[in-house]
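Each chain, written out:
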Amino acid sequence: MNDSRLPITDDHMHLNPGRGRGIEAIKEFRNAGGTHVLIVSLPADEYGMTIRSAQDYYVLYDRTIDTVRQANEYVHAYGVIGVHPAEFIGLAGSMGIEPAYAVVREGLEIAAKYVAEGKAIALKSGRPHYPVSPELWERSNRLMRYAMDLCVDQDCALQLHTESEPGTFASISAIAREQNLPPWRTIKHFSPPAVRECESLNVFPSVIAGKGALEQALSEGTRFMLETDYCDDPVRPGAVLGPKTVPRKTKEAIRNGVPEEVFYKIHKENPEKCYGIKIDL
Ligand SMILES: [Zn+2]
């Protein structure tokens, strides 16, 4: 097995052509050895959009899917779409909790429709990672449960943006079970390298590839994916990891003696199982 035949997958990246580097970031990812990428929809304001009704989500998701199409000219790219939990909180502030709840619910339904049409492979939902009122917390959890119901219907995975507190994984796992979504279809985005805990709870960690995280994750097993959460935001260039990070850290680990087989699990077998896709070169 040689290095060049190894798929390298970034499980969570954003592209914002026009504002950020767009497809240039994908070229950089590819040139570093990246082969597969999941491109996740951004909150509306990042695209310079305002959500006034659920219909606006068609426009928002189309932007994401268009970047997926463009990225596919360089790598294997897949769309993950849905409503960022912070967007619900923002909309609740501007239009009121009830109307915001209805809009986001429908926004998630539209995302599920895109999955049904094969335009995207998974949904995105979650709950705020910062303190909110009990009412907003309850509604956010209801929206996350609804996203899980939609994923059960579509037989697809769900990327979750949540808090990372002690007990978060157990909570997500319990909620997924209650909604009949297999917890391994429930992917904790921006995850700490808590590979063993996730394995015991059956949820899937998408480990943010920051300093020391890959090493820590590998010390606990191979049941995880890797992501940069590259946000393609020119205003916050240092806020997240760059597009080269996952391929660079993968190659570095192999050079340092981690068997390539380990990365077949992380970059190919794990995403194939979670998302029901085929990762081939
Ligand atoms: Zn993200």
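A.B. asks: Explanation requested: the nonpolar core in the structure shown.
C.D. replies: Core analysis: the largest hydrophobic core is formed by 48 residues, its most contacted members being Tyr57, Tyr61, Phe88 and Leu123. Of all the secondary structure elements, the ones that give two or more residues to this core are α2 (56-71), α3 (85-95), α4 (97-116), α5 (134-154), β5 (157-161), α6 (168-178) and α7 (195-201). In this structure, Phe88 is in contact with Ile97, Ala100, Tyr101, Val104, Leu136, Arg139, Ser140 and Leu143, ignoring residues within four places of it in sequence. Val195, Val207, Ala217 and Phe224 belong to the second largest nonpolar core, which has 17 residues in total.

A.B. asks: Help me understand the layout of surface pockets in this model?
C.D. replies: Using a probe with the size of a water molecule, rolled over the atoms, empty space left in the structure can be pinpointed. Approximately 680 Å³ is the volume found for the largest pocket. Around the largest pocket, the lining comprises 32 residues; the ones closest to its centre are Pro43, Glu46, His84, Ala86 and His161. Those elements that provide at least two residues to the lining of the largest pocket are α3 and β6 (186-191). A class-by-class count of the residues in the lining of the largest pocket yields 12 nonpolar, 11 polar and 9 charged.

A.B. asks: Just to check I follow, could you spell out the coordination of the zinc ion for this structure?
C.D. replies: At 2.0 to 2.2 Å from the zinc ion lie its protein donor atoms, namely His12 (NE2), His14 (NE2) and Asp229 (OD). Sequence spacing of the donor residues for the zinc ion, all on one chain, is H-x1-H-x214-D. Take His12 and His14: they sit in the same class, and that class is buried.

A.B. asks: Just checking my understanding: could you explain helix α9 (residues 245-255) for this structure?
C.D. replies: An α-helix turns once every 3.6 residues. As a result, residues three or four positions apart point the same way. Of all the positions in α9, only Thr245, Val246, Pro247, Lys249, Thr250, Ala253 and Ile254 are classed as buried. The elements touched by buried residues of α9 are β1 (9-13), α1 (23-31), α8 (213-220), β8 (225-227) and α10 (260-275). Remark: Gly257 follows α9 within two positions and exhibits a positive phi of approximately 110°.

A.B. asks: What exactly am I supposed to notice about the packing of aromatic side chains here?
C.D. replies: To describe a pair of aromatic rings, one takes the distance between the centres and the angle between the planes. Throughout the structure, instances matching the rule amount to 3 aromatic pairs. Considering the side-chain rings of Tyr61 and Tyr114, the 5.7 Å spacing of their centres and the 70° angle between planes classify their relative orientation as edge-to-face. In this pair, Tyr61 sits in helix α2 while Tyr114 sits in helix α4, placing the two residues 53 residues apart along the sequence. Of the two residues, Tyr61 and Tyr114, both sit in the buried class. An aromatic cluster is defined as three or more aromatic residues linked by ring pairs; in this entry it consists of Tyr57, Tyr58, Tyr61 and Tyr114. Residue placement shows Lys119 over the ring face of Tyr114; its charged tip is 4.5 Å from the ring centre.

A.B. asks: Got a minute to help me understand the pairing of β5 in this structure?
C.D. replies: One face of the sheet, then the other: side chains in a regular strand alternate in exactly this way. Across the 5 residues of β5, 5 count as buried, placing the element largely inside the fold. Alternating positions in β5 separate into two faces, Ala157, Gln159 and His161 on one and Leu158 and Leu160 on the other, with burial throughout. For the crossover from strand β4 (residues 122-126) across α5 to β5, the handedness is right-handed. Here β5 pairs with β6 via 3 bridges, running parallel. Among the inter-strand pairings, Leu160 is bridged to a residue of β6, identified as Lys188. Crossover β5 to β6 through α6 is right-handed.

A.B. asks: Quick question: what am I supposed to make of the environment of Lys251 here?
C.D. replies: Relative to the helices and strands, Lys251 is located in helix α9. Remark: the alpha-carbon pair of Lys251 and Phe263, spanning 12 residues in sequence, is separated by 9.6 Å.

A.B. asks: When you look at empty space enclosed by the protein in this model, what are you seeing that I'm missing?
C.D. replies: Across all of its chains, the model carries 1 cavity of 30 Å³ or more by this definition. Volume-wise, the largest cavity comes out at about 70 Å³. Along the walls of the largest cavity sit Val83, His84, Pro85, Phe88, Val104, Leu108, Ser125, Gly126, Ser140 and Leu143, which together make up its complete lining. Elements represented by at least two residues in the lining of the largest cavity include exactly α3, α4, β4 and α5. For the lining of the largest cavity, the class distribution of residues is 6 nonpolar, 4 polar and no charged.

A.B. asks: Honestly, the pairing of β6 in this entry has me stumped. Any pointers?
C.D. replies: Within β6, 5 of the 6 residues are buried, which leaves it mostly tucked inside the rest of the structure. Strand direction decides the pairing type here: β6 and strand β7 (residues 204-208), joined by 3 bridges, are parallel. Bridged to Ser191 within β7 is Val207.

A.B. asks: Looking at this structure, I do not really get the side chain of His14. What am I missing?
C.D. replies: Tracing the sequence through the fold places His14 in the loop between β1 and α1. A distance of 3.1 Å separates polar atoms of two side chains, one belonging to His14 and the other to Asp229. Once residues lying within four places of it in the same chain are set aside, the contact partners of His14 are Val40, Ser41, Leu42, Lys124, Asp229, Tyr230, Cys231 and Asp232.

Calculation rules
Residues numbered from 1 in each chain as written. Predicted model: local features only at pLDDT ≥ 70, side-chain atom pairs only at ≥ 80, totals over all residues. Heavy atoms only, no water. Core = buried A, V, L, I, M, F, W, Y, C linked by side-chain atoms within 4.5 Å. Buried < 20%, exposed > 50% of the residue type's maximum accessible area, 1.4 Å probe, protein only. Helix = DSSP H or I, 4+ residues; strand = E, 2+ residues; numbered from the N terminus. Contact = heavy atoms within 4.5 Å. 1 Å grid on protein atoms, 1.4 Å probe; cavity = no way out; pocket = protein on both sides within 12 Å on 5 of 7 lines; lining within 4 Å. Points joined across faces, edges and corners; volume = space filled by probe spheres on them. Nonpolar A, V, L, I, M, F, W, Y, C, P; charged D, E, K, R; others polar. Donors = N, O, S within 2.8 Å, 3.2 Å for Na, K, Ca; no water. Phe/Tyr/Trp six-rings, centres within 6.5 Å; stacked < 30°, edge-to-face > 60°. Lys NZ or Arg CZ within 6 Å of the ring centre and 35° of its normal. Right-handed = clockwise from strand over helix to strand, strands pointing away. Pairing = 2+ DSSP bridges. Polar contact = N/O pair within 3.5 Å; in protein donor to acceptor, adjacent residues only side chain to side chain.

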